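Residue-level listing of the chains:
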Amino acid sequence: MNNEIKAPGGVLVKSMGFSLALVLLFTLVANLLPQVEGEAPVDQEVDLGALTMDSYVALGETLFSGKGTCALCHNDLGRAPDILAINMVEVAKQHLQDERYKGPATDVESYLYESLVDPGVYVVKDYGKKGSNDTISPMPAVDKSPIELSEIEINAIIAFMQAKDGYDVTVSLPTEAPAADPTSPEVVESAGTIEEVVAKYSCQACHVILGSGGDLGPGLEQMAGHFTREEIRQGIIAPDEVIAEGFPPGVMPQDLAEQMTVKELDILVDYLASHGKSTATPPAATSSEGAVDSSAESMISSFGCQACHAILGSGGKLGPGLDGIGSRLNAEEIRQSIIDPNAVIAKGFPSGVMPLNYSEQMSEEQLDALVAFLWERK
Amino acid sequence: MKETRNFSSPILLSLLVIAVLGFLWSGDMTPSHWLPEAAASEVAAEEVATAEGADVAQELKLRPAPRPAREDYPDVGTSSRSIVWIIAQMHLFFGALVLAVPLFVLVIELLGKSTGDARYDDMAHEFMKISITAYSITALFGGTLALALFLLYPDLMAYLMQAFGAQMLVYAMLFFMESILLYIYYYGWDAMRYGNAKWVHISIGLLLNGVGGTLMVMANSWATFMMAPSGVNEVGAVIGNIWEVMKGPLWNPINLHRFIANIAFGGAVVGAYAAYKCLAARTAEDRAHYDWMGYTSNFIAILAFLPLPFAGYWLMAEIYAYSQQMGITAMGGILAWLFIVQAVLIGTILMAGNYYLWSGMSRTEGSKRYQGMIKYIAVVLVICFLIWVTPHTLILTSGEIAALGGSHHHLLGPLGIMPAKNIAVNLMLIFTFLSFQIYRRSDKVATVSWEKAGNALMVAIYVVAIVNIIFAGVYYGYFTNTVYKVGASVTQVVSTLVVIISGVVIDAFMYRKAKTLPSFWGQVSNRSQYALFALPIAFTWLMALMGYVRSSVRTHWHVYTVMKDNSPDNFIPTIGYAGNMMTIVTVMFVLFVLFIFWIANLSNTKQAPPLSVTKKAGEAA
Amino acid sequence: MGNNLQVWLVAFAVVLIFFYGLDHLIMNMQGLPLNIDLTPSQ
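*Asks:* Which parts of the structure should I look at to understand the interface of chain B and chain C?
*Replies:* You'll often see interface size given as the accessible area lost when the parts meet. Listed as interface residues are 27 residues of chain B and, on the opposing side, 23 residues of chain C. Surface buried jointly by chain B and chain C totals about 2000 Å² across both partners, of which 79% is contributed by carbon and sulfur atoms. Considering only the surface of chain B that becomes buried against chain C, K452(B), V464(B) and Y484(B) emerge as the three largest contributors, covering 28% of it. On inspection of chain B and its partner chain C, the count reaches zero salt bridges. Between chain B and chain C we count four residue pairs in polar contact (both at pLDDT 80 or more) in total. Counting only elements with at least two residues in the side of chain B that touches chain C, the list comes to α18 (451–479) and α19 (482–510) of chain B. Looking at the side of chain B that touches chain C residue by residue, the class counts come to 19 nonpolar, seven polar and one charged.

*Asks:* I would appreciate a short explanation of a nonpolar patch on the surface in the present structure.
*Replies:* All names here are of chain B. A contiguous nonpolar surface patch, about 430 Å² in accessible area, is contributed by W450, L497, I501, V505 and F509. Positionally, W450 belongs in the loop between β1 (444–445) and α18. Given a relative accessible area of 34%, W450 falls into the partly exposed group.

*Asks:* Quick question: what am I supposed to make of the nonpolar core here?
*Replies:* Taken as a class, soluble globular proteins show a tendency for nonpolar side chains to be buried jointly. Residues and elements named next belong to chain B. In this structure, F94, F127, F164, F225, F539 and W541 are the most contacted members of the largest nonpolar core, which totals 212 residues. Counting residues per element, this core draws most heavily on helix α9 (residues 251–280), which supplies 18 residues. Setting aside its immediate chain neighbours within four residues, F539 contacts A264, F265, A268, A301, F305 and I349.

*Asks:* Is there a simple way to think about the packing of helix α3 (residues 80–115) of chain B against helix α21 (residues 575–602) of chain B in this case?
*Replies:* Packed helices, taken two at a time, are described by the angle their axes make and the gap between the axes. All names here are of chain B. Where α3 contacts α21, the axes come no closer than 10 Å and their chain directions differ by 45°. Considering the angle they form, α3 stands oblique to α21. Relative to α21, the crossing made by α3 is right-handed. Residue-level inspection shows S82, W85, I86, Q89, M90, F93 and F94 of α3 in contact with α21, the latter providing Y577, A578, M581, M582, I584, V585, M588, F589, F592, V593 and I596.

*Asks:* I keep staring at helix α4 (residues 108–117) of chain A and nothing clicks. Help me out?
*Replies:* For an α-helix, the turn length of 3.6 residues means that residues three or four places apart are oriented alike. Residues and elements named next belong to chain A. Among the ten residues in α4, eight count as buried, and that is most of the element. All buried positions along α4 are accounted for by V108, S110, Y111, L112, Y113, E114, L116 and V117. Of the surrounding secondary structure, the elements contacted by the buried residues of α4 are α3 (88–97) and α5 (151–163).

*Asks:* What is the right way to read the confidence of the model for chain B from this model?
*Replies:* Residues and elements named next belong to chain B. Mean pLDDT over chain B stands at 83; residues scoring 70 or higher make up 84%. Long-range and interchain partners of residues 23–60, a stretch whose pLDDT sits below 50, account for 59 contacts in this model, where long-range means more than four residues apart. Across residues 393–413, confidence stays below pLDDT 50; counting only partners more than four residues off in sequence or on other chains, it has 41 contacts.

*Asks:* Can you help me understand the pattern of salt bridges in this one?
*Replies:* It is possible for side chains bearing opposite charge to pair when their charged atoms get close. Residue and element names in this part refer to chain B. Within this structure, the stated rule accounts for 15 salt bridges over all chains. D117 is the salt-bridge partner of R119, the closest N and O atoms lying 3.5 Å from each other. With a relative accessible area of 40%, R119 lands in the partly exposed category. D117 gets classed as partly exposed once you look at its relative accessible area, which sits at 24%. The residue R193 makes a salt bridge to D190 at a minimum N-O spacing of 3.3 Å. On the accessibility criterion, R193 (15% relative accessible area) is buried. Connected through shared salt-bridge partners, E109, D121, D122, D190, R193 and K198 make up one network.

*Asks:* What is the right way to read the packing of aromatic side chains from this model?
*Replies:* Each aromatic ring pair is summarised here by two numbers: the centre-to-centre distance and the angle between the ring planes. A full pass over the atoms with the stated rule returns 44 aromatic pairs over all chains. Ring centres of F26(A) and W541(B) lie 5.8 Å apart, and the angle between their planes is 55°; this geometry places the pair in the tilted category. Taken together, the residues F26(A) in helix α1 (residues 8–32) and W541(B) in helix α20 (residues 526–552) connect one chain to another. Their ring planes at 55° and their centres at 5.9 Å tell us that Y101(A) and Y122(A) sit as a pair that is tilted. Placement of Y101(A) in the loop between α3 and α4 and of Y122(A) in the loop between α4 and α5 is noted, with a sequence separation of 21 residues between them. Y122(A) matches Y101(A) in its accessibility class, with the two residues each being buried. Pairwise contacts between aromatic rings join F93(B), F94(B), F141(B), F265(B), F589(B) and F592(B) into one cluster. One residue, R81(B), lies across the ring of F571(B), its end atom 4.8 Å from the ring centre. Directly above the aromatic system of W292(B) lies the positively charged group of R119(B), at a separation of 4.2 Å from the ring centroid.

Calculation rules
Residues numbered from 1 in each chain as written. Chains lettered and ligands numbered in written order. Predicted model: local features only at pLDDT ≥ 70, side-chain atom pairs only at ≥ 80, totals over all residues. Heavy atoms only, no water. Contact = heavy atoms within 4.5 Å. Buried area = accessible area lost by both parts, 1.4 Å probe. Salt bridge = Lys/Arg side-chain N within 4 Å of Asp/Glu carboxyl O. Polar contact = N/O pair within 3.5 Å; in protein donor to acceptor, adjacent residues only side chain to side chain. Helix = DSSP H or I, 4+ residues; strand = E, 2+ residues; numbered from the N terminus. Nonpolar A, V, L, I, M, F, W, Y, C, P; charged D, E, K, R; others polar. Patch = residues over 30% accessible without salt bridge, like charges linked within 9 Å, V, L, I, M, F, W, Y side chains within 5 Å. Areas by Shrake-Rupley, 256 points an atom, 1.4 Å probe, with all protein chains shown as cover. Buried < 20%, exposed > 50% of the residue type's maximum accessible area, 1.4 Å probe, protein only. Core = buried A, V, L, I, M, F, W, Y, C linked by side-chain atoms within 4.5 Å. Axes fitted to C-alpha atoms, helices over the stretch in contact; angles between N-to-C directions. Parallel < 35°, antiparallel > 145°, perpendicular 65-115°, else oblique. Left-handed = near helix turned anticlockwise from the far one by under 90°. pLDDT = per-residue confidence, 0-100. Phe/Tyr/Trp six-rings, centres within 6.5 Å; stacked < 30°, edge-to-face > 60°. Lys NZ or Arg CZ within 6 Å of the ring centre and 35° of its normal.

Right, here's the structure in full:
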């Protein structure tokens, strides 16, 4: 039997010495490796007055490897196309020609812009998310968290991509004063009157208010008799919590509360809560009476398209304009955009706003007529 | 009773924590959606008027995450991050220990109950003795951590309170319950030792582990929320219920990873206790007891350690799925060098574990049959280890490239990239399991008729699995595209798992009625006991390291994508700096553990009564 | 118990087939099918 008997003190010193030596070894390894600090990105003050195209391109290059974190994946390791090694202008042209390309971009600049803020529109072959068969891009939108590039910075990167291979830079130098802090959401001008609020959020697309409007949602002129202020407020903020009888849930945008300022919401609630005893006439049901009207013009008015889209010379700006839609989309895409509006969202417009149930409201015949009508707007 | 002193501090502390949380909760940190509407709009309106301007209160009911400016962070003259770093790490070390020990203690207790072997019960009881002092220290550091966080990062904590709200109170309550159960479990051990009472005791142990596990997953959800927030919108306003906030994409991978790692860590720490007692033993009987205890601890540690890389793999895969950018920051960006250090640490653990198993084979005569294999295993382990620590390519910003003098490390070669490392890691695991298996076999002689066939099968599984791992790594790793390369690493991992599982199963059947050769506990070299010190040291350092990586992938965000870190410490420090921090916490931990061991011994020590007392007693009689 | 060589051959054959199937299974589950000779079929 191995039976050395030791003074406990000796064991303590030895085992502690051994442990300390081991810890120091690990520390040594950590200190032998390259010592690099990872600075948090600092928002660069861009002096717009002194900006030249050269310095703008240089800013783009800095952003490419710095704040934009592009170089993390776009390098020679095959995670993503090696932007520094390929001619991006030529590549952009090829992608625009590709039959797989379905996005709205028409030239190199708009394509590059789109690929930065909405990378999923066109996924380069073999670079899609695993298992998605190149339909989903693993790239984050650079204007969103966590990258949060400003418009000026995005354009600087486009300028850099054009200039690095000797092409003319087509993006224009930023001139007007930019939003002060690129990380803050764009400052929204608060609407001041009930008319402005209603117009701004296109309430009349679906509701009768201020004497006119659609019938997709319940009329809003009779609220005061039936609802308290709190319920009205609730109905705006979380529309699906309480659904008026006979109306489908999920149609009204869920994010109104996020879009509105406090003041706007108050104006709206104040108005709705105080306008009940008035004798506004209930909306005339247009589409339900008589034979199904499938002339495109009347459909456009009865489905309230112009509340959000500009077409036939008038309409809102909440959604993309529809004059000339036929040159951008083919018939099948137009159809899809009506029955499943969130499948493809035009650049610069929010998703989830357009009602999802048009396919239920329209007959097949009506849908065909509408698609044909829109497709002819070239 | 010296030990009863332990009672007061955690219970008082948990009361303190509840009080602090309750106070903060009732104060202005209340999320506005819990207030009546009118009050909520007041809160919002006030905010418009005050601090941050219109953008904060654009939403009436939904409050976005705060955006503290640099001057909103209290300046205490030294790095706030370092303070929180040290305290949090100490809390986590002890928390891990306290959660893990009762877990395997319960298993050992059950083992003792089913075998009727009192040694198990005694050992389990002794393990708990370590856990109980550690618990007070956990509570102390937990309270300190909470205070430090609220003092140094008030905006972040306000936001987390907003997101988690009442869950933190539930946490405090459970903490209270954990204290009570732990004390009943430990101090009731001898009172409920036999018969039905034992089952009551075991049930309390089960409850204790249930509460402990719940505490852990709740605390994990705070960390994973900060890495991959869920239940909030783009600006961080809470839109989901508490369950949606907790159940982020990284929550379960972290839960599993921490659960397993805690067991390995706890096993390693109590192993060091046993090693120390073994070395310091004054009788052969004591030495044998602590040798056996050390062996059991090591067994637990290594067994829990083997599946850990797979849990880690899952975690990394989920991180990549959540955000490729975050994944690359960890594995290919600035933090990638830390994985070299990780390789050194895991290498140390595997070498120490293997060495301990090989030394332990001297306890029985039967080991002679396997002795010859050891040198080959050692050679394979060393080669794999070297491949593993070969640095691979790093993706760097221009500044980093300048600092390194090139984007590729000069040691970059075909051995530096992932497929080679995957082969190395998997082979190291397989060969460690081989050591483990021959150790387990060394004191047994199989008596089943199919022994030859069973051995042939086992050998075939080893050989084919190893060939498969090398083939998958080399072929898919170097000759096909990236997708297949990544996919093939799963094949490798599964091959390793097949070896481990089939090894356990085959041996379980093959040695069911085996003849056992005599083993002599205590008949082991002193040097082998040092492997039991190396293990917890490397584990502790490793835990500090990986915790740091996990936390750092958020880069300059408190809560990734929704709340920026604007503190002076929002940069990623150098590896050297981080390494020094890890050494500080490890040394601190070791010192506290020494204190715990000392306390555990103290309760066994009885002072001989002074002569005067004896005399008086004698006279009285 | 058959002769030694036979036992070894059978053991290796069984395990080889098992791992071959395993490779196919695992890669297929990830949407990465293999050809019969284990080359990528995509």
